[in-house]
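The residues making up each chain are set out below.
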Protein chains: 2
Amino acid sequence: MIAVLRIGHRIDRDKRVTTHVALVARAFGADIIFISTKDEKIKKNIQAVCKRFGGNFEIQTGVDNKKIIKSWKGSIVHLTMYGEELEKAVNQLDTNRDLLIIVGAEKVPPYFYQVADLNVSVGNQPHSEVAALALFLDRYTKAAWCRKQFHGNIQIVPCVKGKKVLSKETT
Amino acid sequence: MIAVLRIGHRIDRDKRVTTHVALVARAFGADIIFISTKDEKIKKNIQAVCKRFGGNFEIQTGVDNKKIIKSWKGSIVHLTMYGEELEKAVNQLDTNRDLLIIVGAEKVPPYFYQVADLNVSVGNQPHSEVAALALFLDRYTKAAWCRKQFHGNIQIVPCVKGKKVLSKETT
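I will try to describe carefully the structure that is included in this document.

About the criteria used
- The residue numbering used here restarts from 1 in each chain and proceeds along that chain's sequence as written.
- Throughout, the order in which chains and ligands are written sets their labels, letters from A for the former and numbers from 1 for the latter.
- At least 70 in pLDDT is required for a residue's local features to be given in this predicted model, at least 80 for side-chain atom pairs to be given and counted, and no such filter applies to totals for whole chains, interfaces and linings, which use all residues.
- To get the side-chain values, all heavy atoms of the structure are used, and hydrogens and water are removed first.
- Each axis is a line fitted through C-alpha atoms, and for a helix only the stretch in contact is used; angles between axes span 0 to 180 degrees, taken between their N-to-C directions.
- Going along the chain from the N terminus, every DSSP run of H or I of four or more residues is numbered as a helix, and every run of E of two or more is numbered as a strand.
- Should an angle fall under 35 degrees it is taken as roughly parallel, and over 145 as roughly antiparallel, whereas 65 to 115 is taken as roughly perpendicular and any remaining angle as oblique.
- Any pair of residues with heavy atoms lying within 4.5 Å of one another is described as a contacting pair.
- Strand pairing is assigned whenever DSSP detects at least two bridges linking the two strands.
- Put simply, buried Ala, Val, Leu, Ile, Met, Phe, Trp, Tyr and Cys residues joined by side-chain atoms within 4.5 Å make one nonpolar core.
- Per-residue accessibility, obtained with a 1.4 Å probe over protein chains only, is compared with the maximum for each type, and a residue is labelled buried under 20%, exposed over 50%, and partly exposed between these values.
- Here, a salt bridge means any side-chain nitrogen of Lys or Arg that lies within 4 Å of a carboxyl oxygen of Asp or Glu.
- Counted as a polar contact is a pair of N or O atoms within 3.5 Å, where, for protein atoms, one must be capable of donating a hydrogen and the other of accepting one, and residues adjacent in sequence contribute only when both atoms are in side chains.

This next bit is on the packing of helix H1 (residues 11-27) of chain B against helix H6 (residues 129-140) of chain B. All names here are of chain B. Orientation of H1 relative to H6, taken along the N-to-C sense of each, is 10°, at an axis distance of 9 Å. Comparing the axis directions of H1 and H6 gives the class roughly parallel. For the pair H1 and H6, contact is made by Val17, His20, Val21, Val24 and Ala25 and by Glu129, Val130, Leu133, Ala134 and Leu137, respectively.

In structure tokens form, the structure reads like this:
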């Protein structure tokens, strides 16, 4: 199981970036996202995507960060530009264990750096937690997202020009 | 040369996501970002990052999309969940040519699908233009971002716990 823990989410300021984090978690192979702040709107949005596009992705908001971390039985990583290089870090992780990936917004308290088994950087330049999560999951799963089937009511057919959509939705 | 053209940027709604797009462009190997809407604030933010963290990344805002596209001498791709699969698309691109990568916000007018040599999808699931740009650049450059040196005044030293920063900044 791969879980993402989004900490420090501020409903107004972070709504779009956190939505991107959740969609990336789903598309690149995580099973669940926990969002620290209670946010029913984001939950509904993500659940609506899951309903249309398929898969078994879950979302929980308003969680207790420390409780989740303390009860976690697998590995814990924290994505940060200060962390260990991505390739080296991924090589140290046992993919047979469950994995919790902590993704911060803005400044992250020292607790999360300390509690993670590994702090992992996707390059040591400032960029985006959305990109960091996507690249981390890409490397950790050996690009399994390319082959993943979601069996949704809506399926997109790859297309060099235009849009091809297969839909089982009834309006 | 690799350029990113961010279209449809709405100053209030997209400021954080467009900032992430610009930072990802810089960190993953693009040379310049063009943002359709004039936005001095985002320009200053990105230039401030470049000044501190190094590299030769440029930003222009308030550009004429069609003028840039019409005068572009290299290849043009448009990132969209409806496009050709990433690996297949990258194999069709000549990396010796300049490349313009169009990145939309929300709904993209048909013109951009038509004018692109290739529409490219990073998976056919809804997720994020930030993640799509990072993964596209990763594959297109064969992960050159891992080895890229920015020679900035601030350099982060990878670290499993905590933060190590080398700074040449004077306060």
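A separate point is the sheet that holds strand E1 (residues 2-6) of chain A. All names here are of chain A. The parallel open sheet is built from six strands, whose spatial order is E3-E2-E1-E5-E4-E6. Edge positions in the sheet fall to strand E3 (58-61) and strand E6 (118-121), since each has one partner strand and no second. Shown here is a sheet whose adjacent strand axes are inclined to one another by a mean of 30°, direction ignored. Bridge count for strand E2 (residues 32-35) against E3 is four bridges, and the pairing is parallel. Along E3, the bridge assignment pairs Ile32 with Glu58. Contacting E1, E2 and strand E5 (99-103), helix H1 (residues 11-27) crosses the sheet at an angle of about 175° to E1.

So, on to the nonpolar core. Ile101(A), Phe136(A), Ile101(B) and Phe136(B) are the most contacted members of the largest nonpolar core, which has 126 residues in total. The contact partners of Phe136(B), leaving out residues within four places of it in the chain, are Val77(B), Leu79(B), Leu86(B), Val90(B), Leu93(B), Leu99(B), Ile101(B), Val120(B) and Val122(B).

The next subject is the interface of chain A and chain B. With 54 residues of chain A in contact, the opposing surface of chain B contributes 54 residues. Our enumeration of links across chain A and chain B arrives at four salt bridges. A salt bridge links Asp14(A) to Arg16(B), with the nearest nitrogen and oxygen atoms 2.5 Å apart. Seen at the junction of chain A and chain B, the total is 22 residue pairs in polar contact (both at pLDDT 80 or more). When contributions to the side of chain A that touches chain B are tallied by element, the ones reaching two or more residues are H1, helix H2 (40-53), strand E4 (75-85), helix H5 (110-115), E6, helix H6 (129-140) and strand E7 (154-157) of chain A. It is H1(A) that contributes the most residues to the side of chain A that touches chain B, nine residues altogether.

No statement about biological role is implied by the geometric values presented.
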